Amino acid sequence: MTSLEVSEENEDSGPGGYAAARLLLLQEKERSGPPRRTALARLTDDWLTGLFTSAAPPRGVALVAVGGYGRAELSPRSDLDLLLLHDGSADKAAIAALADRIWYPVWDLGLALDHSVRTPAEARATAGEDLKVHLGLLDARPLAGDHGLVAALRTTVLADWRNQAPKRLPELDELCRERAERMGELQFLLEPDLKEARGGLRDAQVLRAVAASWLADAPREGLDAARRRLLDARDALHLTSGRATDRLALQDQDAVALDLGLLDADTLLREVYEAARTISYATDVTWREVNRVLKARSARPRLRALLTGRGSVAKPPVERTPLAEGVVEMDGEVVLARTARPERDPVLPLRAAAAAAQSALPISLHAVRRLAATAKPLPVPWPAEAREELVTLLGAGEATVPVWEALEAEGLITQLLPDWERVRCRPQRNPVHTWTVDRHLVETAVRASSLTRRVGRPDLLLVAALLHDIGKGWPGDHSVAGETIARDLATRIGFDRTDVGVIATAVRHHLLLVETATRRDLDDPATVRAVASAVGTVGTLELLHALTEADALATGPAAWSSWRASLVADLVKRVAGVLAGETPPDPEAAAPSAEQERLAMEALRTGEPVLALHAQPVGAEPEEPEPVGVELVIALPDQPGVLPAVAGVLALHRLTVRAADLRAIELPTEVGAGSVLVLDWRVAAEYGSLPQAHRLRADLVRALDGSLDIAARLAEREAAYPRRRGLTAPPPRVTVAAADSRLATVIEVRAQDAPGLLHRVGRALEGAAVRVRSAHVSTLGANAVDTLYVTRPDGSLLPDEEAVDLARTLESALR
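Residues numbered from 1 in each chain as written. Predicted model: local features only at pLDDT ≥ 70, side-chain atom pairs only at ≥ 80, totals over all residues. Heavy atoms only, no water.

**Focus: the nonpolar core**
Our working rule: For this analysis, a nonpolar core means a set of buried residues of the types Ala, Val, Leu, Ile, Met, Phe, Trp, Tyr and Cys, connected via side-chain atoms within 4.5 Å. Remark: exposure states derive from per-residue accessible area (1.4 Å probe, protein chains only) relative to the maximum for the residue type, with buried under 20%, exposed over 50%, and partly exposed in between. What makes two residues a contact is simply this: any of their non-hydrogen atoms within 4.5 Å.
Core analysis: the largest hydrophobic core is formed by 91 residues, its most contacted members being W382, W404, L417 and W420. Those residues in contact with W404, other than ones at most four positions away along the chain, are L390, L393, L394, I413, L417, W420, V442 and L466. Of all hydrophobic cores here, the second largest spans 51 residues; its members include I634, V683, L700 and A807.

**Quick word on the confidence of the model for the protein**
Let me state the cut-off plainly: Per-residue confidence from the predictor is given as pLDDT, running between 0 and 100.
Of the residues in the protein, 92% reach a pLDDT of 70 or more, and the chain-wide mean stands at 89. Counted against residues more than four places away or in other chains, residues 1-13, with its pLDDT under 50, gives 17 contacts. Low confidence marks residues 618-628, where pLDDT is under 50. Its contacts with residues over four positions away, or in another chain, come to 18 contacts.

**Considering the environment of S241**
So the rule is basically this: A run of H or I in DSSP becomes a helix once it reaches four residues, and a run of E becomes a strand once it reaches two; helices and strands are each numbered from the N terminus. Within 3.5 Å is the distance limit for a polar contact, defined as a pair of N or O atoms, with the added protein rule that one can donate a hydrogen and the other accept it, and that residues adjacent in sequence qualify only through two side-chain atoms.
As for its position among the elements, S241 is in helix α11 (residues 223-241). Looking at S241, its side chain comes within polar contact range of the main-chain oxygen of L237, at 2.6 Å. Within the structure, S241 has its side chain in polar contact with the backbone nitrogen of R243 (distance 3.2 Å).

**A short note on the pairing of strand β15 (residues 783-791)**
Operational definition: Any two strands between which DSSP finds at least two bridges are classified as paired.
Counting buried positions over the 9 residues of β15 gives 8, a clear majority of the element. With 8 bridges joining them, strand β13 (residues 745-752) and β15 adopt antiparallel strand pairing. Paired with T745 across the bridge in β15 is V790.

**Some details on the packing of aromatic side chains**
To keep it simple, the criterion reads: Any pair of Phe, Tyr and Trp rings, taking the six-membered ring for Trp, is counted once the centres come within 6.5 Å. Such a pair is stacked with planes under 30 degrees apart, edge-to-face with planes over 60 apart, and tilted for the rest.
Going through the model one piece at a time under the given rule, you end up with 4 aromatic pairs. When the ring of F188 is compared with that of W435, the centres are 4.8 Å apart and the planes differ by 90°; the resulting orientation is edge-to-face. Taken together, the positions of F188 in the loop between α9 (165-183) and α10 (201-212) and W435 in the loop between α18 (412-416) and α19 (437-449) put the pair 247 residues apart, joining distant regions of the chain. Each of the two residues, F188 as well as W435, counts as buried.

**Describing the pattern of salt bridges**
Our working rule: We define a salt bridge as a contact between a side-chain nitrogen of Lys or Arg and a carboxyl oxygen of Asp or Glu at a distance within 4 Å.
By the definition in use, this model includes 55 salt bridges. R179 is the partner of E196 in a salt bridge, and the nearest nitrogen-oxygen pair spans 3.9 Å. Taken together, the positions of E196 in the loop between α9 and α10 and R179 in helix α9 put the pair 17 residues apart, joining distant regions of the chain. E196 sits in the buried class, given a relative accessible area of 18%. Its salt-bridge partner being D345, residue R351 comes within 2.7 Å of it at the nearest N-O pair. Take R351: its relative accessible area is 5%, and that puts it in the buried class. Taken together, the shared-partner salt bridges connect R71, E73, D139, R208 and R227 into one network.

**Some details on the sheet that holds strand β5 (residues 320-324)**
The strands that make up a sheet pair up through hydrogen bonds in the backbone, lying either parallel or antiparallel. Applicable threshold: Convention adopted: a line fitted to C-alpha atoms gives each axis, helices being fitted over their contacting stretch, and angles between N-to-C directions are expressed from 0 to 180 degrees.
On the basis of which strands lie adjacent, the open sheet formed by 3 strands has the order β5-β6-β7 and antiparallel pairing. With partners counted over all chains shown, the strands left at the sheet margins are β5 and β7 (333-336), one partner each. Across this sheet, the average inter-strand angle for adjacent strands is 40°, counted without regard to direction. Where strand β6 (residues 327-330) lies against β7, 4 bridges are found, and the strand directions are antiparallel. Bridge pairing in β7 places V328 opposite V335.

**Some remarks on empty space enclosed by the protein**
Short version of the rule: A cavity, in this analysis, means grid points on a 1 Å lattice covering only the protein atoms where a 1.4 Å probe fits yet has no way out; a pocket is instead an open set bounded by protein on both sides within 12 Å along at least five of seven lines, and a residue lines either one if it has an atom within 4 Å of a point. Grid points are joined across faces, edges and corners, and a volume is the space filled by probe spheres set on the points. Ten residues, namely Ala, Val, Leu, Ile, Met, Phe, Trp, Tyr, Cys and Pro, are considered nonpolar, four, namely Asp, Glu, Lys and Arg, are considered charged, and the remaining ones, Gly among them, are considered polar.
Counted under the stated rule, the structure contains 3 cavities of 30 Å³ or more. Counted as a void, the largest cavity has a volume near 50 Å³. Surrounding the largest cavity, R277, V401, W404, E405, E408, D438, R439 and V442 form its lining. Those elements giving two or more residues to the lining of the largest cavity turn out to be α17 (400-409) and α19. No other element matches α17, which puts 4 residues into the lining of the largest cavity. Looking at the lining of the largest cavity residue by residue, the classes come out as 3 nonpolar, no polar and 5 charged. Taken as a whole, the second largest cavity holds about 40 Å³ of empty space. L611, L632, I634, V646, V649, L650, L696 and L700 together form the lining of the second largest cavity. Elements that contribute at least two residues to the lining of the second largest cavity include exactly β9 (629-637), α28 (642-652) and α29 (693-705). By residue class, the composition of the lining of the second largest cavity is 8 nonpolar, no polar and no charged.

**As for α9**
An α-helix turns once every 3.6 residues. As a result, residues three or four positions apart point the same way. Filter applied, for reference: How far a helix is expected to stretch is found by multiplying one less than its residue total by 1.5 Å.
The terminal C-alpha atoms of α9 lie 26 Å apart, and with 19 residues this matches the ideal 27 Å at 1.5 Å per residue to within 8%. Where α9 terminates, the next one or two residues include G184, which has phi positive at roughly 85°.

**Brief notes about unusual backbone geometry**
The step from V380 to P381 runs through a cis peptide bond, and the omega angle for that step is 0°. When you line up the elements, P381 lands in the loop between α15 (365-374) and α16 (384-394). Its identity is not glycine, yet C425 carries a phi of approximately 60°, on the positive side. Its identity is not glycine, yet A769 carries a phi of approximately 55°, on the positive side.

**Concerning the pairing of strand β2 (residues 80-86)**
Rules: With strands facing away from the observer, any crossover in which the path from the first strand over the helix to the second runs clockwise is taken as right-handed.
In terms of residue burial, β2 counts as a mostly covered element, since 7 of its 7 residues are buried. Neither face of β2 is left uncovered, since the one carrying L80, L82, L84 and H86 and the one carrying D81, L83 and L85 both have all their residues buried. In terms of strand pairing, strand β1 (residues 61-65) meets β2 through 5 bridges, oriented antiparallel. In the sheet register, V64 faces β2, and the bridge partner there is L83. One ladder, built from 6 bridges, connects β2 with strand β3 (residues 113-118); its direction is parallel. Residue pairing across strands places L80 opposite L113, the latter belonging to β3. In this region the chain leaves β2, passes through helix α5 (residues 92-108) and returns to the parallel neighbour β3; the handedness of that crossover is right-handed.

Below, the structure written as structure tokens:
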């Protein structure tokens, strides 16, 4: 027995029969998508019609479905949008009683209800005041009662919509922009709102409304399929989560993907992003056309004043301004010239795109579609003109993005760069990333365009920026895979062998500078020599420096700061010296600074910690909202437990550790030499101002003598640390890093960032009886990467087996 048969059998059994039939329908696995939404709407129609009829309604009354229900698009947890329409002839008490006979059974079943009772005049007046009501009435559908009353209202509302379009559409455009600003772009969000985010179901509804105005129509290709895909995802979300939600939360994505028969959550997101991109592009094109038409209409009254002697309006000539060969500007858009022949001119797509971006103009939908359908493929390798036009397009800055998206929407990018398909709409699970992989690549090129004056070969920088993450569509290390792909694509684009090698090197090592600067000891000559060996030339180094900054800026606000910039610049300076033939200084031979020596003498004299705080100049702009960076120098008599004690005190005072250098200084005393430990920390306040030095010193003294229980205090803090519901952090991982350092063994700790993480690491190291030479802390989002340079107590490197045992001990302690 089908669900509809059940509904007919239980037609007179009230809400219970409907509820049972509804449940059965939602449990049917063989019926999903549009058929299930239509069946659910029909089932609900029949039930509500029964409620309406059984109440013996007076004449001149109708029950109307509006909004999504009016379109017969009911998801499992959708609201029921209902209007009780009456002509005003019936008694008000009778109308109110009829409404109660319908609304209360809906509420009794726990269904969300958006309801109203109005006459046609009242509905029309409300629509005139409330744009959302007007949009809902455009989809009005009669359920029961006087269908003629509903038809008359629909005709009136639609006529009002078309007559008022010049006023209402700009208002609707503004509402859409405000919503997009508030909710973000669906195609780039890790937890998107399928309805309200830009490119979601609400925008698809808006496109229908614009089309109903007869003022403009959206490009139809793929639009219905995109909307259907988002509706299917919302259905699965309602069913798997059991909630009336449109937000595709991380903890729901695997279950939704499974319900839709998709491989995994990434596949789900990619399909959702593809749909959102289609709707977003259609939205851009449609509103551009709306604005063009409205602008033309506003000019008509002025044209009527220019009547000729025969009484006709003088039609102004359409201006066509040449931009490039075969490309002109017309009516605020880039179009193809009348003489353009895409079938004979393979460079025309890139020439048109470059001209549009350089002029900061949109490229017309008709032009892009004509190019996609008829343009002759480029030969491989590309001719020099095509390569130059690509570089021009990438170097146009922000104007590159909409032009690139127009080409991508019609498949031109994958025609030009076949490997692009693997990164198209690919999600990035790291919350530090703002964009999908493909958009991140374009944004990196945009950022790189402002850095081209810093490099000798701007063209290589822009192409390397576009390709640096191209390997993310392949298994394994994306930098390694990307090097091979970039080499092939650069050859395809027409660069010579030397330039191909530079681009491939930049792609292979695009993370080298920032990871080395933030996770390695720059005073270690082996660190600098390793980078110099990988980079090879000063020209490649400067290109890599600019690419590093562009990549980080295009990733998101958490990926770049003046602190990171200063570390990378310091590394680049040291590497450039090595490439110029200079020898890195030996840190072992460096004498302590005058301040370090002074503090050490004071600590040895008093037998207690001595502290000094200094502002750390990191080159930040005054208006940059970055934590205050300072250098904290601590000197104290060498004793066990120093590292965990200092790290714990700093954590209690909400200071973020960026780097730490530790060294022992031997000083003469009256009875012989005395050993003093000097710790040079770079720290920043998480928020607020820095604590005073005397408070830090007091807590450090208490931590060292055992009267301050740092572990207990930090445990309280961690218990209150905000966690995202439903998310489980991956376990920590500790490894022995491959480094040719002759100064220390390098241990790398990757873990979830939390208060006192370095304190726990320090305690574990104290228990393992190793000496920490330096520590370098890097945090991106919720992930921390701490690099520790450790030795035996006598200063020698740890043997391989001992280093592996230490890594296992640390990993166990952090679990």
